[in-house]
Amino acid sequence: MQKLVYADNAATTPLSAAARKAMLPWLENAFGNPSALYAPGHAARKAVEQARDAIADCLGCSSEEIYFTSCGTESDNWAVKGMALQQAKIGKKHLVTSAFEHHAVLHACKALEPYGFSVTCLPVSTTGFITPEALEAALTPDTALVSIMTANNELGTVQPVSELAAVCRKHGVLFHTDAVQAVGHLPLSVHRQGIDLLSLSAHKFGGPKGTGVLYVRRGLHPVPLLDGGAQEQGSRGGTENVAGIVGMAAALQERTASLQADAARIRTLRDRLEAGLCSAIPDCRRNGGAERLPGHLNLLFKGIEGESLLLLLDREGICASSGSACTAGSTDPSHVLLAIGLTREQARSSVRFSLGVETTDADVERMLQVVTDAVKRLRNFQPF
Ligand code: PLP
């Protein structure tokens, strides 16, 4: 049987061995509630706080600025809604984001509109970037918060986060970044980069699903989304996911330690895949600029239905993604690809390959062969 070729690391990543090892005791005998006042509780509390210290260290901030959440979506919602509600108390009800954010940010902003908030969506360049100049022009005295992602999930394009944060700082506006795709893949340092709030999600860097973090700069107090117990400094009720938190910290530490070497190796594989496919397949080109995360490759195969290509690849044991959302039987083209100026048809003809730490030379060789054949077959089927 053919080995599975997993090229959808931007969707999720396999659990790393380090994360699994760190989690196991907390899934087996060590089950105490970290808030309990007896030995198993103290042990769980210690593990959670050690994980907090380790994550703070990787992000360049202090431990009390790390808040554990259930996922990247929760972190984004909390940053946007929590800060918007906080800022509304001083009369600021304008939000700035961009047209190609993840829906966790876009829909959180949209959800605030009926409550009197206005939202400006910055346009994205055809190569997938936001400029500090466009951001500065969008700010008003009423701007409460800016939320711009560090790296886009479909294109991988990396935004000039330090410059965007500096513009916000200059105008006294808070800056949140959805770094779900970037953490564990790019060097980040929240204090040095002037970031006020940052979202991350463990399952994008070898940690478990259902565990995330919101970094909140000291002195800021987003209104809680989850009222309940006094966990997370009284700001996010809910018994901590001890195993998840411990696994997230182990994965992030491991990934951070080998980040440069992994990035160089993955980028070489990705570039080989890109060059090979673009030379072997006529009318095949990359979506988005070259300045991007090491593993991302989003390709437009002219005249091909992306979903059909994915089905053929799946039959050959290759996992990739189209970025489109299937709703009620119809396929909506990706809002990210539309935002960089692709037509609906071009967006539907695009496929994302995202390589990761486990991708091998043999995986790339197999993708080169299978994708080239599959595109040929589809083009022979569909006259255009
Ligand atoms: N933000 C970005 C950029 C993402 O890529 C994702 C997940 O794909 C999320 C947020 C949501 O993260 P989670 O799956 O942990 O809710």
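Residues numbered from 1 in each chain as written. Predicted model: local features only at pLDDT ≥ 70, side-chain atom pairs only at ≥ 80, totals over all residues. Heavy atoms only, no water.

The chain appears in an unreviewed UniProt entry as cysteine desulfurase from Caproicibacterium argilliputei. Note on the chain: under the UniProt heading Catalytic activity (unreviewed entry), the record states "(sulfur carrier)-H + L-cysteine = (sulfur carrier)-SH + L-alanine". (UniProt positions renumbered as here; feature names shortened; annotations may be inferred.)

Trainee: A description of the sheet that holds strand 14 (residues 350-354) should follow, citing residues and the corresponding values.
Mentor: An order of 9-10-14 is seen for the three strands of this open sheet, with the pairing classed as antiparallel. The open sheet has two edge strands, strand 9 (284-286) and strand 14, and neither has a second partner. Along the sheet, successive strands turn relative to each other by an average axial angle of 30°, direction set aside. Docked against the sheet, helix 10 (residues 259-280) engages strand 9, strand 10 (296-301) and strand 14, running at close to 10° with respect to strand 10. Sitting on the sheet, helix 11 (residues 306-315) is in contact with strand 10 and strand 14, with an inclination near 45° to strand 14. (Pairing = 2+ DSSP bridges. Helix = DSSP H or I, 4+ residues; strand = E, 2+ residues; numbered from the N terminus. Axes fitted to C-alpha atoms, helices over the stretch in contact; angles between N-to-C directions. Contact = heavy atoms within 4.5 Å.)

Trainee: Describe the packing of aromatic side chains, naming the residues involved and giving the relevant values.
Mentor: For the coordinates displayed, the defined rule picks out one aromatic pair. Note that lysine 93 overlies the ring of phenylalanine 117, its terminal NZ or CZ placed 5.0 Å from the centroid. (Phe/Tyr/Trp six-rings, centres within 6.5 Å; stacked < 30°, edge-to-face > 60°. Lys NZ or Arg CZ within 6 Å of the ring centre and 35° of its normal.)

Trainee: Describe in detail the side chain of lysine 204, supporting the description with residues and values.
Mentor: Secondary-structure assignment places lysine 204 in the loop between strand 7 (197-201) and strand 8 (212-216). Within the buried set, lysine 204 has no salt-bridge partner at all; the shortest N-O distance to an opposite charge, 8.1 Å, is to aspartate 8. Reaching out from lysine 204, the side chain makes a polar contact with the backbone oxygen of alanine 11 at a distance of 2.8 Å. (Buried < 20%, exposed > 50% of the residue type's maximum accessible area, 1.4 Å probe, protein only. Lys, Arg positive; Asp, Glu negative; His and termini not counted. Salt bridge = Lys/Arg side-chain N within 4 Å of Asp/Glu carboxyl O. Polar contact = N/O pair within 3.5 Å; in protein donor to acceptor, adjacent residues only side chain to side chain.)

Trainee: So what's going on with the pairing of strand 2 (residues 66-69)? Which residues, and what values?
Mentor: Going residue by residue along strand 2, you find Ile66 and Phe68 tucked away on one face and Tyr67 and Thr69 tucked away on the opposite face as well. Note: strand 2 against strand 8, four bridges, orientation antiparallel. Pairing of isoleucine 66 across the sheet is with tyrosine 215, part of strand 8.

Trainee: So, the pattern of salt bridges: which residues are in play, and what are the values?
Mentor: All told, the structure shown has 18 salt bridges when counted by the stated rule. Across the pair arginine 52 and glutamate 49 runs a salt bridge, and its minimum N-O distance is 2.7 Å. With arginine 52 and glutamate 49 both in helix 2 (residues 39-59), this residue pair falls three residues apart, about one helical turn. Here arginine 286 ties to glutamate 274 by a salt bridge, and the two come within 2.6 Å at their closest N and O atoms. Here arginine 286 is found in strand 9, whereas its partner glutamate 274 is found in helix 10, with 12 residues between them in sequence. Residue class for arginine 286 comes out partly exposed when judged on its relative accessible area of 25%. Linked through salt bridges whose partners overlap, the residues forming this network are Arg45, Glu49, Arg52, Glu232 and Glu240.

Trainee: Residue-level account of the site of the ligand, with values.
Mentor: In the vicinity of the ligand, 13 residues are found, and the nearest of them are Thr73, Asp178, Gln181, Ser201 and Lys204. Measuring from an oxygen atom of the ligand, one finds a side-chain N or O atom of glutamine 181 at 2.8 Å. In the complex, the protein chains occlude 87% of the 390 Å² of accessible area that the ligand would expose alone. Element by element, the count of residues in the shell around the ligand is highest for helix 3 (residues 72-88), at three residues. Looking at side-chain class alone, the shell around the ligand contains three nonpolar, seven polar and three charged residues. (Near = heavy atom within 4 Å. Areas by Shrake-Rupley, 256 points an atom, 1.4 Å probe, with all protein chains shown as cover. Nonpolar A, V, L, I, M, F, W, Y, C, P; charged D, E, K, R; others polar.)

Trainee: For helix 10, give the residues involved together with the corresponding values.
Mentor: Helix length check: helix 10 (22 residues) gives 31 Å between terminal C-alpha atoms against 32 Å at 1.5 Å per residue, within 8%. Buried within helix 10 are the following residues: Leu259, Asp262, Ala263, Ile266, Leu269, Arg270, Leu273, Glu274, Gly276 and Leu277. Where helix 10 is buried, its residues meet helix 9 (242-257), strand 9, strand 10, strand 14 and helix 14 (361-381). (Expected span 1.5 Å × (residues − 1).)

Trainee: Run through the sheet that holds strand 8, naming residues and quoting values.
Mentor: Across the sheet, seven strands lie side by side as 2-8-7-6-5-3-4; this open sheet has mixed pairing. Two strands bound the open sheet, and with one partner strand each, they are strand 2 and strand 4 (118-122). Each strand of the sheet is rotated relative to its neighbour by a mean of 20°, with strand direction disregarded. When strand 3 (residues 94-98) meets strand 5 (residues 143-147), the two strands line up parallel, connected through three bridges. In the sheet register, histidine 94 faces strand 5, and the bridge partner there is threonine 143. Packed on one face of the sheet, helix 2 meets strand 2, strand 7 and strand 8 and runs near 115° to strand 2. The strands that helix 4 (residues 103-112) touches are strand 3, strand 4, strand 5 and strand 6 (174-178); relative to strand 3, the one it contacts most, it runs at about 155°.

Trainee: Summarise unusual backbone geometry; cite the residues concerned and give the values.
Mentor: Positioned with a positive phi, glutamate 232 is a non-glycine residue whose angle comes to about 50°. Within the fold, glutamate 232 resides in helix 8 (residues 231-234). Relative accessible area serves as the criterion here: at 6%, glutamate 232 is assigned to the buried category. One non-glycine residue, glutamine 233, lies in positive phi territory at about 55°. As for its placement among the helices and strands, glutamine 233 is situated in helix 8.

Trainee: Give a description of the environment of arginine 265 that names residues and reports values.
Mentor: Its place among the elements puts arginine 265 in helix 10. In this structure, the C-alpha to C-alpha distance between arginine 265 and threonine 360, residues 95 residues apart in sequence, is 9.5 Å. For arginine 265, the residues in contact, after removing those within four places along its chain, are Gly356, Val357, Glu358 and Thr359.

Trainee: Residues and numbers for the packing of helix 10 against helix 14, please.
Mentor: A packed helix pair is summarised by two numbers, namely the angle formed by the two axes and the spacing between the axes. Orientation of helix 10 relative to helix 14, taken along the N-to-C sense of each, is 20°, at an axis distance of 10 Å. Relative to helix 14, helix 10 is oriented roughly parallel. In the packing of helix 10 onto helix 14, the handedness of the crossing is right-handed. Between helix 10 and helix 14, the residues in contact are Leu269, Arg272, Leu273, Gly276, Leu277 and Ala280 and Asp361, Val364, Glu365, Met367, Leu368, Val371 and Thr372, respectively. Taken together, the residues of the contact of helix 10 with helix 14 sort by class into eight nonpolar, two polar and three charged. (Parallel < 35°, antiparallel > 145°, perpendicular 65-115°, else oblique. Left-handed = near helix turned anticlockwise from the far one by under 90°.)

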